[in-house]
Amino acid sequence: VGAFITMNPGYAGRTELPENLKALFRPCAMVVPDFGNIAEISLNAEGFLEAKELGHKFVTLFALCQELLSKQYHYDWGLRAMKGVLRIAGGMKRDEPDKTEKQILMRALRDVNLPKFVLADFGIFLGLITDLFPRVDSPPKTDPALVKGIREVIAMDGSGLQPEEVFVTKIANLAEMLGVRHCCFILGAAGAAKTKLWKTLAASWSHLNMGGGATQYQALNPKAITVDDLYGYMHPVTKEPFDGIISKMMRDYSRMETEVPKWIVLDGDIDAEWIESMNTVMDDNKVLTLVSNERIPLTGSMRLIFEISHLRNASPATVSRAGVIFLNESDIGWRPFVTTWVETMGDQKVATTLEQLFDQYVAPTLDHFRREKWKHVTPLMDFAMVQTLCKLLEGLLTKENVPAGSDKEVYEAYFQFAAIWALGGGFNVEKGSDMRKLFSDFWRSEFAKSAIRFPDEGLVFDFYISPVDKRPTHWNDRIDTYKHDVTGKYSDIVVSTLDTTRIGFLAAQLLDLNKPVMLVGGPGTAKTCLLAKLLREMPEEKTTFFNINFNSFTGADSLQPMLEQPLEKKTGSSFGPPGTKKLIYFIDDFNMPAPDKYGTQSAIELARQQVDYGGFYDLKKLTFKSIIKTSFVGAMNPLAGSFYIIDRMQRHFATFAAPPPEADVCRMIYGKIFAGHLERFAPAVADKAEHIVAAAVNLHLLVADTFLPNAIKFHYQWNLRELSNIFQGMCNTLPEVFKEPKLFARLWVHEAMRVYSDRLISVEDQDKFRTELVVKAARELEDFIKPDVLMEEPIIFANFAGGGDEKVYSTIESHERLSSLLTKKLGEYNEVNATMDLVLFQAAMEHVVRISRIIDSPRGNAMLVGVGGS
């Protein structure tokens, strides 16, 4: 018995052999073989007479490609790539003996390599081919029966496809590739039609009755489960083998007697850990070896298809083992999708009008984004924006809004509105760059001559199309009036503003049509609040929602039970929400899960598998669970977590930026809340609400401009939450206690010191806050309180100020009074519980007041940051 070990120690996902094993084997270094000789002999074997000359050309072309073409992860110019080309060339020679050998080899080299090139390399490669084979003309050859079958499948009702030349060619390329390689990478950006490519080929093969029946396939995202669930594992104690999903799929297909094509589609990122275990399947061994020593062969009718967006983490050994079909983002693009979509929107006249509007507005705008390098709040694909536009139009172009026989102007008005939000809704307003204003100016100047003009004041985002006269009307007309609910929870209060009204309108339109929506913006821009209000207001008899908060530890294994929790079994392996309702998952902090060392977030991959394939795998039974009647909404902060999520998930969402509110909006929001709260108070107090709100907002702006975050003061983050916390404390007051405005003004200073000053880390910062900022902001209050009275120490408010058991938020005039209250409470505690011997010095008492305030306020969370032993 001879034992041979082949290894490649330098690659990711591989380990060195242990020394005691290495010593038992004789090492033998492998050198790079003579490609020229191999090419010549292989060509001879395939029946070529001019093998020497052609072999030389072959090797020269591969050498030049390696040097001159761009360096892509999926380019492979090694022996396996050569072998694939030589096989195809041999097949062509036997099919067409009348063609010259140069024509045959040139066609094989060109047709096998072109499908894997990125756009930039096309011209260079074709130049090289023409130089090596001058005056040789050989048109591409495709299988006419297959092309006819593909076109018939595309033409079927409900296929939703267009017979684009590039698309048909790529499908024929994939079929040819699967004829000579048993593994194939379909590679390309999100929305480049990768899934449609293999699904259409499967449908075409079924239509043509290839192998005597319908082509079978099973799809799986290998990154949505662990490697143990993928391949199976041995129980560490009992040594009992447990099966994995991919091993079960391969075993089932391998045991089938029929010759119908059987595909296993692995749709997910490639990383060195799971793909290296596939090496023996992908090379000439064609065997999957499991931990339990079982060996599952890949039969002649089985193929592996990998659908991926990049090969960053694959080793050269992996890349060389499979054929590659590369789809550039612009190969098929968004136009075929639009052509299919307009056909569903009514008669021929409407379809023509809409197509013209896409050419008039969308194409120049997307070109402008590319030229000017404008960036959205999170990277968005052209295709995703066009899909959002189509969905918005579906919601807007109803029979009520656009009666049959309407003019083109009516369609154009709604089209402009939808295009502004689909293409420009992802732009944000940040310090130093107002992308929304840039977009608005561009829109007004670029489309100045269009039939519908937006008014000149404000931005184009500030208008909607009135259903009555079909003209742009300001959103202010639609903002709801605020009614203060004294009994309601403070955290549930939502004051309608321009931003909440328009984003709420768009999100409601899209969710009705099952289009996932995502809001992206900094912390404290009311993303969660807005989406939660929207979901609460949806009709209860039709819709239910389920909240999921992602954090850095969320993985696919912890997300799957959460997704399954609100579902019930419907039929067989189909699950859905109770009754006839639709379920919306609200995922907050979408980009929070920590990526693994290959950059993949498994929780997001699991959610993507549910969106793309309508379900996920049951890890106990290893069968696919279909999840029906569900949709997603998401919110994320582009400055936290992994900053952005994989483009293949992002493209499913209609993405809108949530810009931070301006100072006037903050005054309006808190002015309404505070005025509503003060309605029960004495008129002398209620009249001063405006002054206190103005002082609070001014102070917030001063703090945000003065105390900027840096590497040490990373927690100096000031947003709407801080302002909310101040007013939460001020809305915790009773008319019986706060009878005069002076007390309210001092309460504002106390809340500001709790919210802002307690977060400042140096004595200088705290002094600056008290002596400069508060004094500046307090100028608004000089009418009814003098600065020295306002800042008179101590400024202490607590809910135990009354001394009794009921909680009344009030002032404590002196440290002596505070000490007696706390000493009394400590005595009461010690009578009932184990004695706690505390010395209540001044700083300790102040800390007790701070912590009591936080614990007593709903959703109050505290984080104590300091050096050890403090």
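Residues numbered from 1 in each chain as written. Predicted model: local features only at pLDDT ≥ 70, side-chain atom pairs only at ≥ 80, totals over all residues. Heavy atoms only, no water.

Chemist: Requested: an account of the side chain of Asn328, with residues and values cited.
Modeler: Mapped onto the fold, Asn328 is located in the loop between strand 9 (323-327) and helix 15 (329-332). A polar atom in the side chain of Asn328 sits 3.1 Å from the backbone nitrogen of Leu119. Setting aside residues up to four positions removed in sequence, Asn328 forms contacts with Phe117, Val118, Leu119, Phe122 and Ala192. (Helix = DSSP H or I, 4+ residues; strand = E, 2+ residues; numbered from the N terminus. Polar contact = N/O pair within 3.5 Å; in protein donor to acceptor, adjacent residues only side chain to side chain. Contact = heavy atoms within 4.5 Å.)

Chemist: Describe in detail unusual backbone geometry, supporting the description with residues and values.
Modeler: A cis geometry characterises the amide bond from Glu793 onward to Pro794, with omega recorded as -10°. With respect to the secondary-structure elements, Pro794 resides in the loop between helix 32 (787-790) and strand 23 (797-798). We note that Lys239 has phi near 60°; this positive angle belongs to a residue other than glycine. Backbone geometry at Lys286 places phi at a positive 50°, although glycine is not the residue there.

Chemist: I'd like a description of a nonpolar patch on the surface, backed by residues and values.
Modeler: Nonpolar side chains collect at one region of the surface, where Ile5, Met7, Leu21, Leu24 and Phe25 lie side by side and expose about 440 Å² of accessible area between them. The residue Met7 is located in the segment before helix 1 (19-22) in this model. (Patch = residues over 30% accessible without salt bridge, like charges linked within 9 Å, V, L, I, M, F, W, Y side chains within 5 Å. Areas by Shrake-Rupley, 256 points an atom, 1.4 Å probe, with all protein chains shown as cover. Salt bridge = Lys/Arg side-chain N within 4 Å of Asp/Glu carboxyl O.)

Chemist: I'd like to hear about the nonpolar core, residue by residue, with values.
Modeler: Core analysis: the largest hydrophobic core is formed by 72 residues, its most contacted members being Met278 and Phe306. If you tally residues by element for this core, the top one is helix 4 (residues 79-95), at seven residues. Once residues within four sequence positions are removed from consideration, Met278 is found in contact with Tyr231, Ile246, Leu266, Leu288 and Leu304. Counting 71 residues, the second-largest nonpolar core is a separate cluster that includes Trp374, Met385, Trp443 and Ile452. (Core = buried A, V, L, I, M, F, W, Y, C linked by side-chain atoms within 4.5 Å. Buried < 20%, exposed > 50% of the residue type's maximum accessible area, 1.4 Å probe, protein only.)

Chemist: Pulling in residues and values, what's your account of the pairing of strand 8 (residues 302-308)?
Modeler: Buried residues dominate strand 8, accounting for seven of its seven residues. With six bridges joining them, strand 5 (residues 262-267) and strand 8 adopt parallel strand pairing. Bridge pairing in strand 8 links Ile264 to Leu304. (Pairing = 2+ DSSP bridges.)

Chemist: I'd like to hear about the sheet that holds strand 20 (residues 624-627), residue by residue, with values.
Modeler: Judged by pairing direction, the sheet is mixed, and its four strands sit side by side in the order 16-17-20-19 without closing on themselves. Edge positions in the open sheet fall to strand 16 (568-571) and strand 19 (615-617), since each of these has one partner strand only. Across the sheet, the mean angle separating the axes of adjacent strands is 35° when strand polarity is ignored. (Axes fitted to C-alpha atoms, helices over the stretch in contact; angles between N-to-C directions.)

Chemist: Which residues make up the sheet that holds strand 2 (residues 216-220), and what values do they have?
Modeler: Taken together, five strands build an open sheet; the order of strands is 2-5-8-1-9 and the sheet is parallel. The sheet is open, and its two borders are formed by strand 2 and strand 9, each paired with just one other strand. When the angles between neighbouring strand axes are averaged without regard to direction, this sheet yields 20°. Pairing between strand 2 and strand 5: five bridges, direction parallel. Of the residues in strand 5, the one forming a bridge with Gln218 is Ile264. On top of the sheet, helix 9 (residues 194-207) reaches strand 1 (183-188), strand 2, strand 5, strand 8 and strand 9; it is set at about 170° to strand 5, its chief contact. Against the sheet, helix 24 (residues 602-613) touches strand 2, strand 5 and strand 8, its axis set at about 135° to strand 5.

Chemist: Could you give an account of the pairing of strand 22 (residues 654-657), with specific residues and numbers?
Modeler: Residues Ala654 and Phe656 of strand 22 are buried on one face, and the alternating residues Thr655 and Ala657, pointing to the opposite face, are buried as well. Bridging between strand 14 (residues 517-520) and strand 22 involves four bridges; their strand directions are parallel. Residue pairing for strand 22: Val517 is matched across the bridge by Ala654.

Chemist: Summarise the packing of aromatic side chains; cite the residues concerned and give the values.
Modeler: Throughout the structure, instances matching the rule amount to 51 aromatic pairs. Centre to centre, the rings of Phe674 and Phe744 are 5.6 Å apart; their planes meet at 85°, and the pair counts as edge-to-face. With Phe674 in helix 26 (residues 663-677) and Phe744 in helix 30 (residues 741-755), this pair connects stretches of sequence that are 70 residues apart. With respect to class, Phe674 is no different from Phe744; both count as buried. If you follow Arg478 out to its NZ or CZ, it ends over the ring of Tyr464, 5.0 Å from the centre. Note that Lys625 overlies the ring of Phe575, its terminal NZ or CZ placed 4.9 Å from the centroid. (Phe/Tyr/Trp six-rings, centres within 6.5 Å; stacked < 30°, edge-to-face > 60°. Lys NZ or Arg CZ within 6 Å of the ring centre and 35° of its normal.)

Chemist: Would you mind going over the pattern of salt bridges in detail, with residue names and values included?
Modeler: A complete count under the given rule lists 44 salt bridges for this structure. The partner of Arg107 in a salt bridge is Glu96, and the shortest N-O contact between them spans 2.9 Å. Of this pair, Arg107 sits in helix 5 (residues 101-113) while Glu96 sits in the loop between helix 4 and helix 5, and the two are eleven residues apart along the sequence. An identical accessibility class is assigned to Arg107 and Glu96; each is buried. Each of Asp267, Glu307, Glu605, Arg608, Asp612 and Arg648 takes part in salt bridges that share partners, so that together they form one network.

Chemist: Describe helix 20 (residues 435-446), listing the residues and the values that go with them.
Modeler: Across its twelve residues, helix 20 extends 16 Å between first and last C-alpha, which sits within 8% of the 16 Å expected from 1.5 Å per residue. Of the positions making up helix 20, those classed as buried are Met435, Arg436, Phe439, Ser440, Phe442, Trp443 and Arg444. Between the side-chain oxygen at the start of helix 20 and the backbone nitrogen of Arg436 there is a gap of 3.2 Å, and the oxygen is on Asp434. (Expected span 1.5 Å × (residues − 1).)

Chemist: Got a sec to walk through the packing of helix 17 (residues 348-372) against helix 19 (residues 408-424)? Specific residues and values, please.
Modeler: Between helix 17 and helix 19, the least distance of the axes is 10 Å, while the angle of their chain directions is 35°. Of the two elements, helix 17 crosses helix 19, and the hand of that crossing is right-handed. Within the contact between the two elements, helix 17 uses Val350, Thr353, Leu354, Gln356, Leu357, Phe358, Gln360, Tyr361, Val362, Thr365, Leu366 and Phe369 and helix 19 uses Lys408, Tyr411, Glu412, Phe415, Gln416 and Leu423. For the contact of helix 17 with helix 19, the class distribution of residues is eleven nonpolar, five polar and two charged. (Left-handed = near helix turned anticlockwise from the far one by under 90°. Nonpolar A, V, L, I, M, F, W, Y, C, P; charged D, E, K, R; others polar.)

Chemist: Lay out a negative patch on the surface in plain terms, naming residues and giving numbers.
Modeler: On the surface, Asp805, Glu806, Glu828 and Glu831 cluster together to form a negatively charged patch. Structurally, Glu831 is set in helix 33 (residues 815-832). (Lys, Arg positive; Asp, Glu negative; His and termini not counted. Charge placed at Lys NZ, Arg CZ, Asp CG, Glu CD.)

Chemist: With reference to specific residues and values, describe helix 29 (residues 720-730).
Modeler: A large share of helix 29 lies buried, amounting to eight of its eleven residues. Looking at the buried side of helix 29, the elements it contacts are helix 26, helix 28 (689-706) and helix 30. The opening residue of helix 29 is Asn719, an N-cap whose side-chain oxygen sits 2.9 Å from the backbone nitrogen of Arg721.

Chemist: Describe the environment of Asp856, with residues and values.
Modeler: In this fold, Asp856 is placed in helix 34 (residues 842-856). For the pair Asp856 and Ala798, spaced 58 residues apart in the sequence, the C-alpha separation amounts to 9.8 Å. Setting aside its immediate chain neighbours within four residues, Asp856 contacts Asn732, Asn799 and Lys807. Side chain to side chain, Asp856 and Lys807 meet in a polar contact 2.9 Å long.

Chemist: I'd love a proper account of the environment of Ser433, names of residues and values included.
Modeler: By the secondary structure assignment, Ser433 is in strand 11 (residues 433-434). Looking at Ser433, the relative accessible area reads 27%, which means it is partly exposed. Sequence separation between Ser433 and Ser491 is 58 residues; the distance between their C-alpha atoms is 31 Å.

Chemist: Which residues make up the packing of helix 28 against helix 30, and what are the values?
Modeler: Where helix 28 meets helix 30, the closest approach of the two axes is 11 Å, and the angle between their N-to-C directions is 20°. Taken as axis vectors, helix 28 and helix 30 run roughly parallel relative to one another. In this structure, helix 28 meets helix 30 at a crossing whose hand is right-handed. Packed against helix 28, whose contacting residues are Ile692, Ala695, Ala696 and Leu699, the element helix 30 presents Phe744, Ala745, Trp748 and Ala752 at the interface. Taken together, the residues that form the contact of helix 28 with helix 30 break down as eight nonpolar, no polar and no charged. (Parallel < 35°, antiparallel > 145°, perpendicular 65-115°, else oblique.)

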